[in-house]
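Geometric and topological summary
Residues per chain, in single letters:
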Amino acid sequence: MIVVLFGPPASGKGTQAKRIHETHAIAHLSTGDMLRAAIAQGTEIGKKAKALVDAGKLVPDDVVVGIIADRIAQPDCTKGFVLDGFPRTVNQAKALDVMLKSKDLGVDHVIVMEVNEAELIKRVENRAEQARKAGQPVRPDDDPETFKKRLGVYKAETAPILPYYEAQAKIRRVDGMKTIDEVTAQIEAVLAGGKQGKSWLPKWLTR
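Residues numbered from 1 in each chain as written. Predicted model: local features only at pLDDT ≥ 70, side-chain atom pairs only at ≥ 80, totals over all residues. Heavy atoms only, no water.

The next subject is the environment of Pro160. For Pro160, the location among the structural elements is in the loop between helix H7 (144–158) and helix H8 (161–166). Note on Pro160: relative accessible area 36%, which makes it partly exposed. Once the C-alpha coordinates of Pro160 and Arg88 are considered, the two residues, 72 residues apart in sequence, prove to be 9.3 Å apart. Beyond its immediate chain neighbours, meaning those up to four positions away, Pro160 contacts Val90 and Lys155. (Helix = DSSP H or I, 4+ residues; strand = E, 2+ residues; numbered from the N terminus. Buried < 20%, exposed > 50% of the residue type's maximum accessible area, 1.4 Å probe, protein only. Contact = heavy atoms within 4.5 Å.)

Encoded structure:
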């Protein structure tokens, strides 16, 4: 089973990807984790990625695709994997399809975690304020201005992937503003073969 978990920054993709990994015993591939490791190690890719991440920009497709190609060739991906943070552009989605087709595989589910962006921004601003009050540095991911830039990048460059996967009839939507357990239940329904539609979503998601 190959799953793509899709949604804007702070939508909870990482948490849900870990749960899918634990429940279905498939690999959890987080491009964020892989890039952070490269940054921590100070590799050439890491240095290049750090400058872009700090500016709230996406890492170039060729770098990310190369990391993913190496990763899915590892033994723990034999039974499948859940992708968290990839693909982020249409070109990456196409590259993924090419990689999988060469192995006679394909993406089985593309799960979109729908969220209220205004509420996400408020959460990030609250975390930043709490850090300041505690005399702690604000994490780059919790800097409100950087976060807003990341949301802008998502809408401009990542959201267009939806039509690509919709044309393949693979998109399934879940309400990412629910509790963690409720979101997990929605995702499990999708993986079990259920089809989530717009009818059950709150009004702000169906406009």
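What follows picks up the thread again.
This next bit is on the packing of aromatic side chains. Each aromatic ring pair is described using two quantities: the centre-to-centre distance and the angle formed by the ring planes. Enumeration over the complete set of coordinates arrives at two aromatic pairs. On the basis of an interplanar angle of 45 degrees and a centroid distance of 6.0 Å, the ring pair of Phe6 and Tyr154 is categorised as tilted. Of this pair, Phe6 sits in strand S1 (residues 2–6) while Tyr154 sits in helix H7, and the two are 148 residues apart along the sequence. Here Tyr164 and Tyr165 contribute two aromatic rings whose centre-to-centre distance is 5.3 Å and whose plane-to-plane angle is 75 degrees, an arrangement assigned as edge-to-face. Tyr165 shares its class with Tyr164; the two are buried. (Phe/Tyr/Trp six-rings, centres within 6.5 Å; stacked < 30°, edge-to-face > 60°.)

Attention shifts here to the side chain of Asp175. Assignment of secondary structure puts Asp175 in strand S5 (residues 171–175). One buried charged side chain, Asp175, makes no salt bridge at all; its nearest oppositely charged neighbour is Lys178, positioned 4.5 Å away. A distance of 3.0 Å separates a polar side-chain atom of Asp175 from the backbone nitrogen of Met177. (Lys, Arg positive; Asp, Glu negative; His and termini not counted. Salt bridge = Lys/Arg side-chain N within 4 Å of Asp/Glu carboxyl O. Polar contact = N/O pair within 3.5 Å; in protein donor to acceptor, adjacent residues only side chain to side chain.)

The final tally for this structure, using the stated rule, is 13 salt bridges. For Arg19, the salt bridge identified is with Asp181, shortest N-O distance 2.7 Å. One end of the pair, Arg19, is in helix H1 (residues 13–24); the other, Asp181, is in helix H9 (residues 180–191), with 162 residues separating them in the sequence. Across the pair Arg127 and Asp142 runs a salt bridge whose closest N-O atoms are separated by 3.0 Å. Here the residue Arg127 occupies a position in helix H6 (residues 117–133), and Asp142 occupies one in the loop between H6 and H7, the gap between them amounting to 15 residues. What emerges from the salt-bridge pattern is a single network uniting Glu114, Glu166 and Arg173.

Before going further, it helps to spend a moment on unusual backbone geometry. Note the cis peptide between Phe86 and Pro87, where omega equals 0 degrees. Relative to the helices and strands, Pro87 resides in the loop between strand S3 (81–84) and helix H5 (90–101). Of note, Ala10 is a non-glycine position whose phi angle comes to about 70 degrees, a positive value. By the secondary structure assignment, Ala10 is in the loop between S1 and H1. Located in the positive-phi region is Ala25, a residue other than glycine, with phi close to 55 degrees. Since its relative accessible area comes to 54%, Ala25 is described here as exposed.

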